[in-house]
Amino acid sequence: MTVLITGASSGIGKSLAMKYAEAGENIALAARNVERLNQLKDELSQKYGGEITVFESDLSQEGAAQKLYQQLTEKGLKVHTLINNAGVGLFGEFHKTELVKEEAMIQLNITSLTALTKLFGKDMIQRGEGRILNVASIAAYFPGPLMAVYYASKAYVKSFSLALSNEWRDLGVQVSVLCPGPTSTGFKDAAELDESKLFKNKIMSAEEVANEAFEQFHKGKEEIIPGAMNRIQTRFGSLVSSKTAASIVRKTQERV
Ligand SMILES: NC(=O)c1ccc[n+]([C@@H]2O[C@H](COP(=O)([O-])OP(=O)(O)OC[C@H]3O[C@@H](n4cnc5c(N)ncnc54)[C@H](OP(=O)(O)O)[C@@H]3O)[C@@H](O)[C@H]2O)c1
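Residues numbered from 1 in each chain as written. Predicted model: local features only at pLDDT ≥ 70, side-chain atom pairs only at ≥ 80, totals over all residues. Heavy atoms only, no water.

Quick reminder of the rule: UniProt positions are given in the numbering used here, feature names are shortened, and annotations may be inferred rather than shown by experiment.
The chain has the name Short-chain dehydrogenase in an unreviewed UniProt entry, where Jeotgalibacillus campisalis is given as its organism. In its Sequence similarities (unreviewed entry) section, UniProt records this for the chain: "Belongs to the short-chain dehydrogenases/reductases (SDR) family."

What follows is the structure, given as structure tokens:
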């Protein structure tokens with residue numbers, strides 16, 4: 001049995017791969033950067049043993065999720081745990097950002113995540129067991145001016161995951177959603193967030209997020225928000241109007 005982690009070449013996905021390798025699991029690592037995945041594979045196999053398989057996959061491409069499912073199936077790898085972690089953001093006023101980047105983001109953050117959940121989830125249901133962790137963000141709790149599409153994509157991931165958690169619980173499949181706050185990873189550069197205030201304060205490391213996520217996920221927690229400050233912020237967000245929440249978010253991430 002295998003744990004499949006998308007976006008395992010860096011950041012939170014890489015840290016989660018380390019946790020699963022340490023726990024003695026066989027792992028399938030997917031992302032675009034195969035060189036980095038192979039480096040991680042070598043590192044993990046040397047340190048922990050276990051079977052590590054690498055898959056080059058660009059999940060912003062149409063049909064990529066189906067192709068990845070097919071590749072794992074052809075190799076006879078049965079996925080008992082799926083971590084839908086791969087995701088990107090994009091900073092900027094919506095009328096100035098490039099639509100092609102937002103379409104790729106939606107394909108990656110929403111469409112591929114949904115397809116992988118259905119394809120592997122159905123197999124899990126057939127076996128009567130399995131676990132899925134979808135990575136959203138605390139962005140899922142607020143409207144996000146200056147990152148409108150990203151925040152909306154994460155709201156989808158959270159809503160989708162909590163609905164499936166309800167549908168699949170009695171079928172033996174746990175579905176959880178991970179909602180990290182700002183985390184020190186490659187995300188900031190990929191999302192063109194250099195000019196934003198958002199990452200200027202002290203933030204959690206990918207390892208801290210992965211440790212908390214791993215522990216809570218394996219305790220069966222449905223909605224996982226790592227870090228006390230992040231939990232307070234999401235709670236506060238539910239107490240104010242959407243308009244106020246949007247103004248606050250804008251202030252926290254506008255250009256310095
Ligand atoms: N860092 C934060 O502040 C933060 C906060 C909340 C939520 N999150 C979420 O956490 C998740 C992981 O991000 P991270 O912070 O760890 O950032 P990261 O270090 O940039 O990692 C993103 C991962 O996704 C992969 N990826 C990106 N585009 C891809 C594509 N088209 N196809 C397949 N894989 C792709 C990247 O690998 P390749 O480049 O090799 O493809 C990389 O492994 C994302 O869903 C993100 O939205 C991050």
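Having put the structure on the table, let's press on.
1. Focus on the packing of aromatic side chains
Counted only if it meets this: Any two rings among Phe, Tyr and Trp, with Trp reduced to its six-membered ring, count as a pair given centres within 6.5 Å; such a pair is stacked if its planes are under 30 degrees apart, edge-to-face if over 60, and tilted if neither. To qualify as a helix, a DSSP run of H or I must reach at least 4 residues; to qualify as a strand, a run of E must reach at least 2; elements of each kind are numbered from the N terminus. Using a 1.4 Å probe on the protein chains alone, a residue whose accessible area is under 20% of its type maximum counts as buried, one over 50% counts as exposed, and one in between counts as partly exposed. Here, over-ring charges are defined by two tests on the NZ atom of lysine or the CZ atom of arginine: distance to the ring centre within 6 Å, and angle to the ring normal within 35 degrees.
Scanning all chains against the criterion turns up six aromatic pairs. Ring centres 5.5 Å apart and planes at 15° place the aromatic pair tyrosine 156 and phenylalanine 160 in the stacked group. Placement of the pair is tyrosine 156 and phenylalanine 160 together in helix H5 (residues 148-169), with a separation of four residues, close to one helical turn. The class of tyrosine 156 is partly exposed, set by a relative accessible area of 31%. The class of phenylalanine 160 is buried, set by a relative accessible area of 16%. Taken together, the ring pairs connect Tyr150, Tyr151, Phe187 and Phe199 into an aromatic cluster. Looking at arginine 131, its charged tip hangs above the ring of phenylalanine 217, at a distance of 5.9 Å from the centre. A cation over a ring is seen here: lysine 158 above tyrosine 141, with NZ or CZ 4.5 Å from the ring centre.

2. As for the sheet that holds strand E9 (residues 223-224)
Here is the rule: Two strands form a pair only when DSSP identifies at least two bridges running between them.
Read across the sheet, seven strands follow the order E3-E2-E1-E4-E5-E6-E9 without closing on themselves; strand pairing throughout is parallel. In this open sheet, the two strands that pair with only one neighbour each are strand E3 (52-56) and E9. Where strand E5 (residues 130-135) meets strand E6 (residues 173-178), six bridges bridge the pair, whose relative direction is parallel. Bridging across to E6, isoleucine 132 finds its partner in valine 175.

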